[in-house]
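Next come the chains, spelled out residue by residue.
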Amino acid sequence: NTGTDLGRQLLGELLRNDEALIVVAIIFALLGLIPGMPHIPFLGAALVLGGYAWWRRRQRPKEVESPPPSASEPEEVNWDSVEPVDPLGLELGYRLIPLVDKGSGGELLARIRGVRKKYAQDFGFLVPAVHVRDNLELRPTLYRITIRGVEVASGEVLPDLLLAIDPGNVLGPLEGTPTRDPSFGLPAVWIDAQSRDKAVALGYTVVDPATVIATHLHQVLQQRAAELLGREEVEGLLSHLAVRSPKLVEDVIPKLLSVDRFKKILQNLLRESVPIRDLRTIVETLAEHAAESQDVDALTAAVRQALGPYIVQNLFAGQNELPVAVLDATLEQLLQDSLRNSSDHGQGDQIEPGLAQKVLEKAGTLMQQMEANGMQPVLLAMGPLRGFLARFLARSAPRLRVLSYGEIPDNKRIRVVGTLGA
């Protein structure tokens, strides 16, 4: 290549490169400003080169910039996107939100902590934490209690009023909004704060909205505790017992009894509101019987008999004479024959539908009569029938406790106050 060809190549590269033209234009402009230099040629050259570079940029098609990712564009799905279901939840309508706001004087969270603590002391295990959240789909004054995402109870409270509950012996009516106590279904009235003293004087039980919800939650815990006792809670109970009695736990679970069977036994107890506080007695009883039988119902019956004095004390505090109902001898024989026939034919625990309906109706009536007379509704039955009757009567007479004769301590006397017959 000759020097002329090289010069043309350099000039061609210069004219095709806008950035180079701008740099050269700036150099020429600086040279034109130096004293003693020919100003007009350098400044003119700088103007021509700069103008040419600007013109080329205007002629060049604009590049389309790719838009930034939209804020609404969904992120990549991962395991963090899967929200676990709350074991125990409380959902509130928007007017009830101030009940959980400490800044507004809300006391509901403190009441819930108190409920969990009291339940742990009474029944022997700590239920899962209650996840409280608002739910705009609910009516403003409605709340609902959920277990594993399923609604199990609901109620309505008026956040600016007080609930006056009629326990059954009030001296007169109250002005207000009639309703029913969501926990026990008792007649009640929503009243303003100024009517509180009058309501108390008339014999009403007056509570604030936070107490109404907390009481309802406590009732649900008593009724649904078996559903809240999971494997994690059972292992926590065993770990706690192992600190005091390590050899006992080691010898029984899982050597004689699996954790799952042990959990089912505890759930059977809780299902009938039997506390599991005395875990040592429960495990010691299982140590005596688990080698002979792995049947959960049979082992539950053995544990209940060992806990008999404690069960009776909870039902008849301070009473040496126990007012109870018993099964009619004819009905008892019918039930035994019916269950025996069902078992022989591999049909499980079943009784004739007509007989079943009559027993359910009579049990509901018996429960109400005993409660009306101020007595704890308790039915005594033979050991083989106790478990079946407790499950069978749970719907029609939910507050009727069924005990076996073997669960009654020797130092207690029985007074028969009613008979369940068909």
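Residues numbered from 1 in each chain as written. Predicted model: local features only at pLDDT ≥ 70, side-chain atom pairs only at ≥ 80, totals over all residues. Heavy atoms only, no water.

K.L.:
Quick question: what am I supposed to make of the sheet that holds strand E9 (residues 321-327) here?
P.N.:
Sheets are built from strands paired through backbone hydrogen bonds, the pairs being either parallel or antiparallel. The 4 strands are arranged E11-E10-E9-E12 in an open sheet whose pairing can be described as parallel. Here the strands that pair on one side only, and so sit at the sheet edges, are strand E11 (401-404) and strand E12 (413-420). For this sheet, the mean inter-axis angle between neighbouring strands, taken without regard to orientation, is 40°. Relative to the sheet, helix H14 (residues 353-372) contacts E9, strand E10 (378-381) and E12, its axis offset from that of E12 by approximately 130°. Helix H15 (residues 383-392) contacts E9, E10 and E11 of the sheet and is inclined by roughly 165° relative to E11. (Pairing = 2+ DSSP bridges. Helix = DSSP H or I, 4+ residues; strand = E, 2+ residues; numbered from the N terminus. Axes fitted to C-alpha atoms, helices over the stretch in contact; angles between N-to-C directions. Contact = heavy atoms within 4.5 Å.)

K.L.:
Explanation requested: unusual backbone geometry in the structure shown.
P.N.:
For the bond from Ile253 to Pro254, the omega torsion is 10°, close enough to zero to count as cis. Among the secondary structure elements, Pro254 is positioned in the loop between helix H8 (246-252) and helix H9 (259-271). One non-glycine residue, Arg148, lies in positive phi territory at about 50°. Among the structural elements, Arg148 can be located in the loop between strand E3 (142-147) and strand E4 (150-156). On the accessibility criterion, Arg148 (45% relative accessible area) is partly exposed. Even without being a glycine, Ser273 presents a positive backbone phi close to 60°. Turning to its location among the elements, Ser273 is positioned in the loop between H9 and helix H10 (279-289). (Buried < 20%, exposed > 50% of the residue type's maximum accessible area, 1.4 Å probe, protein only.)

K.L.:
When you look at the nonpolar core in this model, what are you seeing that I'm missing?
P.N.:
General note: in soluble globular proteins, nonpolar side chains tend to be found buried as a group. Counting residues in each nonpolar core, the largest one holds 71 residues, and the members touching the most others are Phe262, Leu266 and Ile282. With 10 residues, helix H6 (residues 209-228) is the single largest residue contributor to this core. If sequence neighbours within four positions are ignored, Phe262 has contacts with Val234, Leu238, Ile253, Leu257, Leu279, Ile282, Val283 and Leu286. With 25 residues, the next largest nonpolar core counts Ala325, Leu331, Ile351 and Val402 among its residues. (Core = buried A, V, L, I, M, F, W, Y, C linked by side-chain atoms within 4.5 Å.)

K.L.:
It is not clear to me how the packing of aromatic side chains should be interpreted in this structure. Could you clarify?
P.N.:
Taken as a whole and assessed by the stated rule, the structure comprises 3 aromatic pairs. Judged by centre distance (5.4 Å) and plane angle (10°), the rings of Phe388 and Phe392 are stacked. Within this pair, Phe388 and its partner Phe392 are both found in helix H15, separated by 4 residues, close to a single helical turn. In textbook terms, an aromatic cluster arises when at least three aromatic residues are bridged by ring pairs, as seen for Tyr119, Phe123 and Phe125. (Phe/Tyr/Trp six-rings, centres within 6.5 Å; stacked < 30°, edge-to-face > 60°.)

K.L.:
I would appreciate a short explanation of the pattern of salt bridges in the present structure.
P.N.:
Where charged atoms of side chains with opposite charge meet at close range, the side chains can pair. Enumeration over the complete set of coordinates arrives at 19 salt bridges. A salt bridge links Lys247 to Asp251; the shortest N-O distance between them is 3.4 Å. A residue pair is termed a helical-turn pair when its members lie 3 or 4 positions apart in one helix, as Lys247 and Asp251 do in helix H8 at 4 residues. The structure contains a network of salt bridges with shared partners spanning Glu91, Arg133, Arg144 and Glu151. (Salt bridge = Lys/Arg side-chain N within 4 Å of Asp/Glu carboxyl O.)

K.L.:
Explain the sheet that holds E3 to me, please; I cannot follow it from the model alone.
P.N.:
Taken together, 4 strands build an open sheet; the order of strands is E2-E1-E3-E4 and the sheet is mixed. Among the strands making up the open sheet, the edge pair consists of strand E2 (131-134) and E4. With direction set aside, neighbouring strand axes in the sheet form an average angle of 20°. Taken together, the 6 bridges between E3 and E4 define a ladder with antiparallel strand orientation. Its bridge partner being in E4, Ile147 is matched across the sheet by Val150. Strands in contact with H6 are strand E1 (88-92), E3 and E4; relative to E3, the strand with the most contacts, it is inclined by about 20°.

K.L.:
Mind showing me how you'd approach the environment of Ile40 here?
P.N.:
Inspection of the secondary structure puts Ile40 in helix H3 (residues 39-59). Between the C-alpha atoms of Ile40 and Ala29, which are 11 residues apart in sequence, the distance is 9.8 Å.

K.L.:
Before we go on, may I ask you to explain the environment of Tyr143 in this structure?
P.N.:
Along the chain, the position of Tyr143 falls in strand E3. A relative accessible area of 0% means that Tyr143 is categorised as buried. Separated by 52 residues in the primary sequence, Tyr143 and Glu91 place their C-alpha atoms 5.5 Å from one another. In terms of polar contacts, Tyr143 uses its side chain to reach the side chain of His216, at 2.7 Å. (Polar contact = N/O pair within 3.5 Å; in protein donor to acceptor, adjacent residues only side chain to side chain.)

K.L.:
Just checking my understanding: could you explain the confidence of the model for the chain for this structure?
P.N.:
Low pLDDT marks stretches whose predicted atomic positions should not be read closely. Chain-level pLDDT for the chain is 85 on average; 86% of the residues reach the 70-or-more range. Within the chain, the lowest mean pLDDT, 53, falls on helix H1 (residues 3-16), and the highest, 96, falls on strand E5 (residues 162-165). (pLDDT = per-residue confidence, 0-100.)

K.L.:
Sorry, what's going on with the side chain of Thr146 here?
P.N.:
Considering the arrangement of structural elements, one finds Thr146 in strand E3. Among residues more than four places away in sequence, those in contact with Thr146 are Pro87, Leu88, Gly89, Glu91, Glu151 and Val152.

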